[in-house]
Amino acid sequence: MPTLRDRTGVIPDGWTRAESAAEAVDGAKILLPWSEELTLPEAHPAEMLGLHVENSVSVEALRPVLTRVGLISIAFPSFSDGRGFSIAKQLRGIGFRGRLRATGPVIADQFAYLLECGFDEVETPERLDARQPQPQWDAALALVSLSYQPGYPGRRSILDARRAAQGAAPQGGAA
Amino acid sequence: MYRYDEFDAQIVRERVAEFRAQVARRIDGSLTEEEFKPLRLMNGLYLQLHAYMLRVAIPYGTLSGRQMRQLAMIAERWDRGYGHFTTRQNIQFNWPVLRDVPDMLDALAEVEMHAIQTSGNCIRNTTSDPFAGAATDEIEDPRITCELIRQWSTLHPEFTFLGRKFKIAVTAASQDRAAIRVHDIGIEIVRNAAGETGYRVLVGGGQGRTPMIAKELRGFLPREDLLPYLEAALRVYNLMGRRDNKYKARIKILVHEMGIERYREMVEAEFASGDRGAAPGTEELARIAAYFAPPALTPRPVDGVHAARAAHPDFATWVDQNGHPHRQDDHLSVTVSLKPVGGAPGDATSEQMRVLAEAAERFSQDEMRVTHEQNIVLPHVAKADLFALWSLLRTQGLDAANRGLVTDIIACPGLDYCALATARSIPVAQAISTRFSDLKRQREIGPLAIKISGCINACGHHHVGHIGILGLDKAGVESYQITLGGEPANDASLGERTGPGFAYDEVPEVIETLVTTYLSLRQTGETFLQTYRRVGMPPFKEALYADAA
């Protein structure tokens, strides 16, 4: 079974992947593969409906359905294919407020970056667990504590840190 | 020059600790080799032909005496007593042992240096004009912008697993000395009609297997928009760039395949919809700019130089050939050539590095620049100090007066070091350099840039050499293809092939033939490149292949 985790640790997966809405059991949260042809089941409230998208998806195409779904899972076919980082960033940029999941063999070393690009959770295949158990994912978040990119909340912004230090004890400019 | 504050230093320290942990996790099996590879590459560690290679970042090529001394120490302690300065203004150590690498990184961190993002599919070291802050033709010091980009691109959460490497170069001068037209993104600092300073942005240039000259993406970008705009440009590339074939994954292929108009449309749309989250405040810009305030140079009498010139003709030649005008006219920027006759281009021993450090400390405001031609520039030398400087450099054979001449050759490491190479580069450079060792003749020939790559990846910039040499493997035998007419600057052009390749031993004679042909054709004052552009390929081709026909 794949492992699902967020910044708090391993979490239970309340979502059921299905090929179509017809497979949904009453009261279950359902995760459907998205395609241009997909018709979203009318009866499902947003918090019960999720979409899984490939990393070749155009975020524009998803725009009309963003308020209809509570979760979007973005495929990472391999850890080195970084398109998903930008898709997450774009989805947050156009106002998606539901949960974002990275699905695929991403590694602990990418965890902080994934969260900073807007992901809430990561679903990794079972085969990774033996090599990269939870403590490595916890440790990964603590390794680098500062970030140069203010638009990517997560680590402390180095610009904020500088501002705070300036306020506390003014420093000279040129060395 | 820029100095780390406590926070820059903290990031580098934490990054070294992270890499130390990654090495340990590779050893205990947490990371597979496939997973570890991009992580070690992003920390500058390559696996070469015979050993690991550690590539150290020298941001926009600028370094201090203290940093150079530390590089000398690292070369002695963990390598073989020398380092190799690269075309991307970095330095490479060719013989480190894996277990020593975290200690080497710690030693670099002590002097505000690191190896972050010197390799891997991420944004690489931003390169710039080696005469930045000293040149007579610049709008402002381009390194302020470079440092802004350095910080923004360091450990960028979104752009660390790109389809391929990404290189940015910045110039602020009317003469492009940073080769911005052969970079993924080239940035030219310009003034608009209203007198505001901003950026002209070029995209999609590059060398490698498919050389291309960059196209204009934006004619004028307001200063405060730079980072959000770069973010938009990178995002479109990250999403749309090809991932099916690593040889077609650079942004130049994307721009070429979708067309600059369509790419521009997408970038502008992305930029317009963005939240400007990446824009730095004016206080941060001012903080960085303060580090690049022009040094206060005391006016110095220049009379002594004339006497020294008269007494030492070699010195006079060196000043004429390796000096570059400085905005304060009692000063010069001086190129220290790392191309002695028969030497390996760009190599410096630890002893030489210490002499360079001393030279910078005593004569150049404690500053040096690594150039993409693999030399070292001392940017702020008082003319009154030139003779003392020359005398110091001579003690370590650093006085070659050949900047820009036929022996000032760019060469990749080639088959002597590199796992990708298909032929030797360094020995070819050495043989040409030996053949043309007569300095008087070199100066008679005039400006001539020979650039040598040992495989089609073109690390030796052969596409933009006035004479380019590409070493290939033809059925187990080295064969060298010659191109003519390449140029990386404002009037950038890609070299054209002369015809069939030549054997390893034939290359010096081939260069001799090309040079002789040029000398017989040139009009008064014409350089090799100008003559080639006027007369074209036929006479050179004729001279090279007539006997064989």
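Structure first, text after, so check above.
For clarity, every value in this text was computed on a predicted model and none was experimentally measured.

1. Quick look at the overall build of chain B
- Along chain B, the regular secondary structure elements total 18 helices and 21 strands.
- Principal axes of the C-alpha set define a box for chain B whose edges measure 60 × 60 × 55 Å.
- Per-residue burial over chain B gives 56% buried out of 549 residues.
- Long-range contacts, defined here as pairs at least 24 residues apart, represent 67% of the contacts in chain B between residues at least 6 apart.

2. Regarding the pairing of strand E4 (residues 29-33) of chain A
- Both strand E3 (residues 15-17) of chain A and E4(A) contribute to a ladder of three bridges, which runs parallel. Opposite Trp15(A), over in E4(A), you have Lys29(A) as the bridge partner.

3. Describing unusual backbone geometry
All names here are of chain B.
- Within the chain, Leu155 stands out as a residue other than glycine whose phi angle is a positive 50°.
- If you trace the backbone, Leu155 turns up in the loop between helix H5 (143-153) and strand E7 (168-171).
- On the neighbour-count criterion, Leu155 (24 C-beta atoms within 10 Å) is buried.
- One non-glycine residue, Ala458, lies in positive phi territory at about 65°.
- Within the secondary structure, Ala458 sits in the loop between strand E17 (450-453) and strand E18 (467-474).
- In this structure Ala458 comes out as buried when scored by C-beta crowding, with 22 C-beta atoms within 10 Å.

4. Quick look at the environment of Ile469(B)
All names here are of chain B.
- Mapped onto the fold, Ile469 is located in strand E18.
- The spacing of Ile469 and Ile452 is 17 residues in sequence and 4.7 Å in space, taken between C-alpha atoms.
- If near-sequence neighbours (up to four positions away) are discounted, Ile469 is found in contact with Val428, Ile450, Ile452, His462, Tyr480, Ile482 and Val507.

5. A look at the interface of chain A and chain B
- Facing 33 residues of chain A, the contacting portion of chain B comprises 40 residues.
- Contributing elements (two or more residues each) for the side of chain A that touches chain B: helix H2 (83-93), helix H3 (111-116), helix H4 (134-143) and helix H5 (158-168) of chain A.
- Ranked by the residues each element gives to the side of chain A that touches chain B, the list is headed by H2(A), at five residues.
- Class assignment of the residues belonging to the side of chain A that touches chain B gives a composition of 16 nonpolar, ten polar and seven charged.

6. Details of the sheet that holds strand E6 (residues 127-128) of chain B
Residues and elements named next belong to chain B.
- The strand order across the open sheet built from five strands is E6-E7-E8-E9-E10, with neighbouring strands paired in mixed fashion. A strand with exactly one partner marks an edge of an open sheet, and here the two such strands are E6 and strand E10 (215-222).
- As paired elements, E6 and E7 share two bridges and run parallel to each other. Residue pairing in the sheet places Thr127 in a bridge with Ala169 of E7.

7. Focus on the sheet that holds strand E14 (residues 368-370) of chain B
All names here are of chain B.
- Sheet architecture is open: five strands sit in the order E3-E14-E15-E12-E11, paired in antiparallel fashion. Edge strands, defined here as strands with exactly one partner in the open sheet, are strand E3 (62-63) and strand E11 (323-325).
- Note: E3 against E14, two bridges, orientation antiparallel. Note on E14: the bridge partner recorded for Leu63 is Met368.

Rules of the game
- Residues numbered from 1 in each chain as written.
- Chains lettered and ligands numbered in written order.
- Predicted model: local features only at pLDDT ≥ 70, side-chain atom pairs only at ≥ 80, totals over all residues.
- Helix = DSSP H or I, 4+ residues; strand = E, 2+ residues; numbered from the N terminus.
- Buried ≥ 20, exposed ≤ 12 C-beta atoms within 10 Å, placed from the backbone.
- Contact = placed C-beta atoms within 7 Å.
- Pairing = 2+ DSSP bridges.
- Nonpolar A, V, L, I, M, F, W, Y, C, P; charged D, E, K, R; others polar.

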